[in-house]
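Overview (structure and organization)
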Amino acid sequence: MISFDNVSKSYGSKVLFENVTFNINKGERIGLVGRNGNGKTTLMRIITGEEEADSGKVSIPKNYKIGFLKQHIKFSKSTVIEEAMLGLSEEESHDRWKAEKILSGLGFSSSDMEKEPSSFSGGFQVRLMLAQTLLSSPDLLLLDEPTNYLDIVSLRWLKGFLNSWKGELLLITHDRQFMDDIVTHIAGIHRCRIRKMEGKTDKFYEQIARDEEIYEKTRINDEQKRKDLEQYITRFRAKARLAGLVQSRIKTLNKMEKKEKLEAIKNLEFSFKYKPVTSKQIMRAENISFSYDSRKFLIKDLSIIIGSEDKIAVIGKNGKGKSTLLKVLAGILPATSGNVIYHTGCLKGYYEQTNVSSLNPDNTIEEEIQSVSDNFDRTYVRNICGAMLFEQDAALKKIKVLSGGEKSRVMLGKIIASPLNVLMLDETTNHLDMDACDSLIEAVDNFPGAVIMVTHNEMFLHALANRLIVFQDEYPYIFEGTYEEFLEKEGWQEETAVKIKEVKNKLTKKDARKLRSEIIAEKNRVLKPLEQLVESLENEISECENEVEELNNLLIEASSKNDGILIGDYGRRLAELNKKIDDDFIKLDNAYTELESYKKEYEEKLNQIEE
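The numbering scheme is per chain: residues are counted from 1 as the chain's sequence reads. Restriction of local features to residues with pLDDT of at least 70 applies here, the model being predicted, together with a cutoff of 80 or more for giving and counting side-chain atom pairs; totals for whole chains, interfaces and linings are based on all residues. Hydrogens and waters are ignored; side-chain quantities use all the structure's heavy atoms.

As recorded in an unreviewed UniProt entry, the chain goes by ATP-binding cassette domain-containing protein and comes from Candidatus Mucispirillum faecigallinarum.

Take a look at the structure:
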């Protein structure tokens, strides 16, 4: 057990927390919540000894091991597997299999494990440090925003891992659902105090709201009592026969504790401005492909019609091309082949985390938002600054002194400044605190236009998405349905493979035969309609091509006779047929790709049972 006894910490005039007292008890998984800048990471650093409290005491049992996901990355080994194994205890220092298991769960392939750690992207380097931390088997695990750098498959794996964690856990994350799915308690830094309670985030915030409502009602009642007492004392102080009563009320007044009015806490409250558009379709992609080096395609022959009210989520593992696809759809990157076509009234707003580098570091926040348009007057710009929590003099802060979360809010401010009908959002939740994420999900949900978002946040996926672009097979494909329907009908292949393997290890031969029969039956149910569709489209194309051949012969004959009427009739019919053939080929390609994908998936399932 770790105990905090009257612990306080400040930076200059900024008080983070004062006189806080609480315990981290055996087996507790605690979610640490609070606004950005309130001291969550500082609290963790006090536990590890990297920082000291100004006053109070933190008691940690002897030989109690603490694992902290380090923010400063430094490697000393030549391969990923060797670097990860540094986290193993002395007794387990040669347990390569344990390290491989953790690395695999975090998205490293077998070949990745033999590569140099420094050759990976920043996100994968953080994953490697996370693997090292997990392998150290600490009594208390400290995780500060691990969700920022993990893709959705790795996040789901980590969630399962932490739910089976036997030690103590202190977790900071802006992902409310991720936290709620793991923790047993919430500890919140609020008004420079820390309050801990059993349950999830909803229960915590509801209790805080109730307590503040009661406090404010009590304060108002006390103020009224104080006024009544003061009026009585003033009125009857000179009357000798009431001196005793007056003195009694003076004593009561002196004993009354004066409750200060709670300082209003400003929430991020905003909405995206909408520019109406009459068309049901706002944009479409026609057979788009993209490659950075003309050899390996990230996107291949993807076609999608985007409705003016669609909420589309782009999902999949990191490094597959999700952000690249969003840039192609936004017109920032040109497609290698194919076209992206926008309705004439299409007005796009694009947000990407790396776009913070586009902010002018020497601009003030006000100047940066003003840069969106010369038509904005100062009052309008200041209102947007206020909505993004940069009120009064805070709007005059330079971009270069802002934190990551503050820069993210400036980017959002620039997007909400102008009317739009398409939002393109790439991981907007990184660096936003939980309250800001709640405001963002509400603003996106209320936006009447189209939304295309890249996110690993499953709360956002469940709440918003009605269509998906999935990066799971070799190339991305469209899933027509919600995220819940995707999990039910398809799911993540890595998870399916693990589940089958786990089940297979427990199966008798009889059970294995039964499972094999069930998979074959399911395979036939899924493949049969696709096979029928492929056959039907092939027959249609063949019939159209035969008719095209006949028409070409008739057209030659009509041309030799200079029969303008017949030439016109045959030409129009040929155009119709050629368009139908092109459309059918697109449908055939999509159906055939889906069919082959399912065949491969079911073959893998059957092979895993037989192995």
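Next comes the rest of the write-up.
**Details of the pairing of strand β7 (residues 168-172)**
Formally: Summary of the burial criterion: residues with accessible area below 20% of their type's maximum are buried, those above 50% are exposed, and those between are partly exposed, where the area comes from a 1.4 Å probe applied to protein chains only. Numbering of helices and strands runs from the N terminus, with a helix taken as a DSSP run of H or I at least four residues long and a strand as a DSSP run of E at least two residues long. Criterion used throughout: strands pair if DSSP finds at least two bridges between them. Orient the strands so they point away from the viewer; a crossover is then right-handed if the path from the first strand over the helix to the second runs clockwise.
In terms of residue burial, β7 counts as a mostly covered element, since five of its five residues are buried. Here β7 shows two buried faces, one formed by Glu 168, Leu 170 and Ile 172 and the other by Leu 169 and Leu 171. As paired elements, strand β3 (residues 29-33) and β7 share three bridges and run parallel to each other. Within β7, the position partnered with Gly 31 by the bridge is Leu 171. Note: strand β6 (residues 140-144) against β7, five bridges, orientation parallel. Bridge pairing in β7 links Leu 140 to Glu 168. With helix α5 (residues 152-163) bridging β6 and its parallel neighbour β7, the resulting β-α-β unit is right-handed.

**Things to note about the sheet that holds strand β1 (residues 2-11)**
Under the convention used in this document: Fitting a line to C-alpha atoms yields each axis, with helices limited to the stretch in contact; the angle taken between N-to-C directions then spans 0 to 180 degrees. Whether two residues are in contact is decided by their heavy atoms, any of which lying within 4.5 Å being enough.
The strand order across the open sheet built from three strands is β2-β1-β4, with neighbouring strands paired in antiparallel fashion. The strands lining the two open edges of the sheet, one partner per strand, are β2 (14-24) and β4 (55-59). Strand-to-strand twist across the sheet, computed as the mean angle between neighbouring axes with direction ignored, equals 20 degrees. Bridge count for β1 against β2 is seven bridges, and the pairing is antiparallel. Paired with Lys 9 across the strands is Phe 17, a residue of β2. Where helix α1 (residues 40-48) meets the sheet, its contacts fall on β1, β2 and β4, and the angle it forms with β1 comes to roughly 125 degrees.

**Looking at the sheet that holds strand β9 (residues 193-198)**
The strands making up a sheet associate through backbone hydrogen bonding, with each pair oriented either parallel or antiparallel. In spatial order, the strands read β5-β6-β7-β3-β8-β9; together these six strands make up an open sheet with mixed pairing. In this open sheet, the two strands that pair with only one neighbour each are β5 (66-68) and β9. If you compare each strand with its neighbour and ignore which way they point, the axes differ by 15 degrees on average. Bridge analysis of strand β8 (residues 185-190) against β9 gives six bridges, and the strand direction is antiparallel. Looking at the pairing, Ile 186 lines up with Met 197 of β9.

**So, unusual backbone geometry**
Positioned with a positive phi, Asn 63 is a non-glycine residue whose angle comes to about 65 degrees. Residue placement: Asn 63 occurs in the loop between β4 and β5. With a phi angle near 45 degrees, Ser 137 is a residue other than glycine that sits in the positive phi range. Looking at the element boundaries, Ser 137 is found in the loop between α4 (122-135) and β6.

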